[in-house]
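The residues making up each chain are set out below.
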Amino acid sequence: MLVLLIENDNENTVDLIRSSLQNEVIKGVIRDSYTPKPLATSPPDKGLYVQTFGKFEAFYDGVPIHFQHGKTKELFAYLISQNGAMCSNNEIMAALWEEDTHISYLKTIRADFLKTMRSLGLEDVIVHRRNNLGVLTRSIRCDYYDYLAGNKALYKDEFMNQYSWAMGLNIL
């Protein structure tokens, strides 16, 4: 409920507030007659949904997907940001670790990623070849992909804000 205290009980003031807010006036109190939209879009209850605007999160049946390693989630985020393009191991390492190379750790998080997605029955969203990895965008519900398809209202001024490599991406 929205309550406004009006010091000046001027009929023009009440009419102005009523017309601009489309609310009903009762005894000097204006009751908000609409239900506000939630601040963030909640994930669907069924299947895979990926949220990229704001903080990155991947959901399955409305619950965040848990990976054994934190970098696995970042790997998934990076693959989502590449919009279906195949990414080489070297490219992935450059994004996730900048100057360092971590081939053995990359193999570990690739295996964790594949295992987790298989356990959820989501192996069809992954494209993996020797030394390359990607995602099949048509198999993923994602706010970024919806944005690219024309739904510009989804953009919330931040894109995967917890990853430094994402700050340099031009998504607009």
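Criteria and cut-off values
Residues numbered from 1 in each chain as written. Predicted model: local features only at pLDDT ≥ 70, side-chain atom pairs only at ≥ 80, totals over all residues. Heavy atoms only, no water. Buried < 20%, exposed > 50% of the residue type's maximum accessible area, 1.4 Å probe, protein only. Helix = DSSP H or I, 4+ residues; strand = E, 2+ residues; numbered from the N terminus. Arc of directions from axis to C-beta. Contact = heavy atoms within 4.5 Å. Pairing = 2+ DSSP bridges. Axes fitted to C-alpha atoms, helices over the stretch in contact; angles between N-to-C directions. pLDDT = per-residue confidence, 0-100. Phe/Tyr/Trp six-rings, centres within 6.5 Å; stacked < 30°, edge-to-face > 60°.

Of the residues making up helix H3 (residues 89-97), those classed as buried are Asn89, Ile92, Met93, Ala95, Leu96 and Trp97. Axial view of H3: buried residues confined to an arc of 165°, hence all on one face. Along its buried surface, H3 packs onto helix H2 (70-81), strand E6 (87-88), helix H4 (103-119), strand E8 (132-135) and helix H6 (164-167). One or two steps after H3, the chain reaches Glu98, where phi turns positive at roughly 55°.

A few words now on the sheet that holds E8. Strand order in the open sheet made by the three strands is E6-E8-E7, with antiparallel pairing throughout. Looking at strand neighbours, the two that pair on one side only are E6 and strand E7 (126-129), the edges of this open sheet. Docked against the sheet, H2 engages E6 and E8, running at close to 70° with respect to E8. Where H4 meets the sheet, it contacts E7 and E8, and its direction lies at approximately 140° from that of E7.

On to the confidence of the model for the protein, then. Taken as a whole, the protein shows an average pLDDT of 80; of its residues, 73% reach a score of 70 or greater. The low-confidence segment residues 16-40 (pLDDT under 50) makes 29 contacts with residues lying over four places distant or belonging to another chain.

Take the packing of aromatic side chains next. Under the defined criterion, the tally for this structure stands at twelve aromatic pairs. Geometrically, the ring pair formed by Tyr163 and Trp165 is stacked, given 5.5 Å between the ring centres and 5° between the ring planes. The exposure class assigned to Tyr163 is buried, which follows from its relative accessible area of 7%. An aromatic cluster is built from Phe56, Phe67, Phe76, Tyr78, Phe113, Tyr163 and Trp165, whose rings are joined through pairwise contacts.

Two elements, strand E3 (residues 48-51) and strand E4 (residues 57-60), share four bridges in a ladder whose sense is antiparallel. By the bridge assignment, Leu48 is partnered in E4 with Tyr60. What sits between E3 and E4 in their antiparallel hairpin is a turn of five residues, with Gly54 showing a positive phi close to 85°. Two strands pair when backbone bridges link them, and E4 and strand E5 (residues 63-64) are joined in this way by two bridges, in the antiparallel orientation. Across the sheet, Phe59 pairs through a bridge with Pro64, a residue of E5. Turn length for the E4-E5 hairpin, with the two strands adjacent in sequence and antiparallel, is two residues, and the turn residue Asp61 shows positive phi of about 50°.

A few words on unusual backbone geometry. Notably, Asp61 is not glycine yet its phi reads approximately 50°, a positive angle. Relative to the assigned elements, Asp61 resides in the loop between E4 and E5. For Asp61, a relative accessible area of 33% gives the class partly exposed. Residues other than glycine seldom take positive phi values, yet Asn83 does so here, at roughly 55°.

A few words on the environment of Gly84. With respect to the helices and strands, Gly84 occurs in the loop between H2 and E6. Between the C-alpha atom of Gly84 and that of Val125, which follows or precedes it by 41 residues, the distance is 9.8 Å. Here Gly84 is in contact with Leu79, Val135, Thr137 and Tyr145, once residues within four sequence places are set aside.

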